[in-house]
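Chain by chain, the residues:
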Amino acid sequence: MISKGKFGKYGGVFVPELLIPALEELETAYLKYKDDEKFNEELDYYLKEFAGRPTALYYAENLSEKLGCKIYLKREDMLHTGAHKINNTLGQGLLAKYMGKTRLIAETGAGQHGIATAVVGALLGIPTEVYMGSEDVQRQKLNVFRMELSDGVVLPVESGSRTLKDAINETMRDWITNVDTTYYLIGSTMGPHPYPTMVKHFQAVIGRETKKQIMEKEDKLPDTIMACVGGGSNSMGIFSAFVEDEEVELIGVEGGGDGINSGHTGATLTIGTEGVLHGSLSYVLQNDDGQINEAHSVSAGLDYPGVGPEHAYLKDTGRASYDAVTDKEALESFKLLSETEGIIPALESAHAIAYAKKYAEKEENKGKTIVINLSGRGDKDMDLVAREMGVEI
Amino acid sequence: MSHIESYQEMFQRVKDKGEGAFIPFVVVGDPDFETSLEMVKTYVDNGADALELGFPFSDPIADGPTVQAADIRSLNSGMTTRRGFEFIKCIREFTNIPLGLLIYYNLIYKMGADEFYKAAKESGLNGILAADLPPEEAEILLDTADKYGLDQIFMAAQTTSNERLEKIAEMCSGFLYVVAVMGVTGARSELADTTVELVSRVKSHSDLPLAVGFGISRPEHVRNVLSAGSDGAIVASALLNIIEENLENKEVMLTKIGSFCRELKEATRK
């Protein structure tokens, strides 16, 4: 490898020997194309014309009034396929094409990253196969159908807990077996180097736009930036432009599930410990022996027992802080934003809204300017939320 | 236990007899502590020259469904890292052949490398191979392995360049684990043609003894890799399949394992 891909002690390349040459090839290609004029022209074209960038930085006036802070929403929910995921799948999909790979594979939990990969596969003419835990296939039939409509092949995973973590295991095994022809399109700032760095690079567009927009609107940097953290890509995307600006407070909000001490939680940074999972050293939810626990969150995107290694580094250095909100709080804020602003957020993003509400209640935070990354829209969550509310649709 | 045989001694011993080394694998605690120990004894009584022992892991990315199922059975039976070391001590009561541990790195990381290697040594292990720890990340472990007199074993694969092979050979001790297939562990009916090529390529870059694993499922596979120049053959999934198929009848399981081991060992005799 050209670089070790470390963030402090976190990150790295903890993978079987078979994959190292593939990661070297990927790193070399990424470094070659990330500053390549033609590559970036093509990527910018698709981000604008296909995905719908730039997204608005919307002043949420009603919510601001209600909470007593000045709240802006970065509207990643307005993007094609409904979430920020498309920024990364366009970037990596294009990279796969430039590398001459003839097959895309990806893992997905609820299906959002799977859809964003399948549509890019369709766009660029690369056959796409998506691993999804068989439990999730059952729970997310609509998204399975959406992937199949874009000519993606959904491969149900029957091993282990039959959810996201096992879908990742299975995708890695596929990659180990078919590494010559196949591009593994990881959906978050996790996995072995160069993925955490590369996914951040492709998601950094969120932060760059936000910074420009807030300067235009406020003529100053925001006091606080909040984003939900599952694997960590939307948060890393928006944080990246502000990490150097020490005066801007960065807060990541995890899926607390039934509560961080309930045993049913996805709050990896909040209560996890250092460990190696899926190719990198970071925080993980694990037992005393290092066996990985299953995560739990009402939001599938936050339902993961690991987290991107750079978040672990930002936590340890104190540059960012992390906290969790419960399923219940997230569901309340899902309704709050829908009612006050007419914007239905993804359950993932609703976690950041829920945290903002608690944050704004504190006296010392009154009147602060807050940017919340609204990473996705809630269309995908309708069934689940209706069920939670006891409504039949 | 008297003198523990080193890998070097073992490979020399079988070589002197004109044989190759037969190295069967088991996940310790699969399906439970007692049965697993009887399995190991059956391996030893039926020709094993060394043993590969796996501690179970919740997320074994380098393994196929057979080993993962064995990991789950073992974890469900209550296997832990500490009990794993107890298990190895029990093995040492009846054999002095080399014992290698095949493991995922998080189990080492969680306990702390020093404590883990110390416990490994005390239990009677010869060497450790972490499946998800390439040379890039392994540097820090080499001193610890040295300190406790354990071999740090590495894998070489078909994708490994000659340049990397040399680096790996330099860091590796005991033997070099050659990954026969492009893929994960699992029984296969055919051995890839490229395996033979790989063995001779590795031979030309390393003086270490070689043992080939992944997909070695039949006596003819064993013969093939040995005639290609390998010093040993590691058999895993094909044996674990016998466990899985005979969970209800331990006696039949052990009888079948015993006779299959004798066939595999016989195939190492030229």
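A. Representation of the confidence of the model for chain B. The share of residues in chain B with pLDDT of 70 or more is 100%, and the mean pLDDT across the chain is 95. Prediction confidence for the complex, expressed as pTM and ipTM, is 0.96 and 0.95 respectively.

B. Structural view of the pattern of salt bridges. Inspection of the entire model under this criterion finds 44 salt bridges over all chains. Here A:Glu42 ties to A:Lys97 by a salt bridge, and the two come within 3.5 Å at their closest N and O atoms. Of the two residues, A:Glu42 sits in helix 2 (residues 37-51) while A:Lys97 sits in helix 4 (residues 85-98), which places them 55 residues apart along the sequence. The buried category is assigned to A:Glu42, whose relative accessible area is 19%. Residues B:Lys147 and B:Asp114 are paired through a salt bridge, measuring 2.7 Å at the closest nitrogen-oxygen approach. With B:Lys147 in helix 7 (residues 135-147) and B:Asp114 in helix 6 (residues 113-123), the pair connects residues that are 33 residues apart, well separated along the chain. Each of B:Glu5, B:Arg13, B:Glu19, B:Asp49, B:Lys265, B:Glu266 and B:Arg269 takes part in a single network of salt bridges with overlapping partners.

C. Main features of the side chain of A:Asn169. Mapped onto the elements of the fold, A:Asn169 is located in helix 8 (residues 164-177). For A:Asn169, a relative accessible area of 0% gives the class buried. Those residues within four positions of A:Asn169 in sequence are excluded, and the remaining contacts are A:His278, B:Asp59 and B:Ile61.

D. How the structure looks around the packing of aromatic side chains. All names here are of chain A. If you walk through the whole model with that rule in mind, you get 23 aromatic pairs over all chains. With a centroid separation of 6.4 Å and an interplanar angle of 40 degrees, the aromatic rings of Phe 39 and Phe 202 are classed as tilted. Taken together, the residues Phe 39 in helix 2 and Phe 202 in helix 9 (residues 195-218) connect sequence positions 163 residues apart. With a centroid separation of 5.4 Å and 65 degrees between ring planes, the pair formed by Tyr 45 and Tyr 46 is classed as edge-to-face. What links up through ring pairs into an aromatic cluster is the set Tyr 30, Tyr 33, Phe 39, Tyr 98 and Phe 202. Over the aromatic face of Tyr 58 sits the side chain of Arg 75, whose NZ or CZ is 6.0 Å from the ring centroid.

E. Focus on the interface of chain B and chain A. Facing the 37 residues of chain B at the interface are 37 residues of chain A. Carbon and sulfur atoms make up 54% of the area that chain B and chain A hide from each other, which totals about 3000 Å². Per-residue buried area on chain B facing chain A is highest for B:Ile61, B:Lys110 and B:Glu137; these three make up 21% of the total on that side. Applying the counting criterion to the chain B and chain A interface returns four salt bridges. As a salt-bridge pair, A:Lys165 and B:Asp59 come within 3.0 Å of each other at their nearest N and O atoms. The interface formed by chain B and chain A contains 19 residue pairs in polar contact (both at pLDDT 80 or more). Elements supplying a minimum of two residues to the side of chain B that touches chain A: helix 3 (65-76), helix 5 (105-111), helix 7, strand 6 (155-156) and helix 8 (162-171) of chain B. With five residues, the single largest contributor to the side of chain B that touches chain A is helix 5 of chain B.

F. Structural context of the environment of A:Glu135. All names here are of chain A. With respect to the secondary-structure elements, Glu 135 resides in helix 6 (residues 134-139). With a relative accessible area of 39%, Glu 135 lands in the partly exposed category. Counting along the chain gives 27 residues from Glu 135 to Arg 162, while the straight-line C-alpha distance between them is 5.5 Å. Leaving out residues up to four positions away in the same chain, Glu 135 has contacts with Ser 161, Arg 162 and Thr 163.

Reading the values: the criteria
Residues numbered from 1 in each chain as written. Chains lettered and ligands numbered in written order. Predicted model: local features only at pLDDT ≥ 70, side-chain atom pairs only at ≥ 80, totals over all residues. Heavy atoms only, no water. pLDDT = per-residue confidence, 0-100. Salt bridge = Lys/Arg side-chain N within 4 Å of Asp/Glu carboxyl O. Helix = DSSP H or I, 4+ residues; strand = E, 2+ residues; numbered from the N terminus. Buried < 20%, exposed > 50% of the residue type's maximum accessible area, 1.4 Å probe, protein only. Contact = heavy atoms within 4.5 Å. Phe/Tyr/Trp six-rings, centres within 6.5 Å; stacked < 30°, edge-to-face > 60°. Lys NZ or Arg CZ within 6 Å of the ring centre and 35° of its normal. Buried area = accessible area lost by both parts, 1.4 Å probe. Polar contact = N/O pair within 3.5 Å; in protein donor to acceptor, adjacent residues only side chain to side chain.

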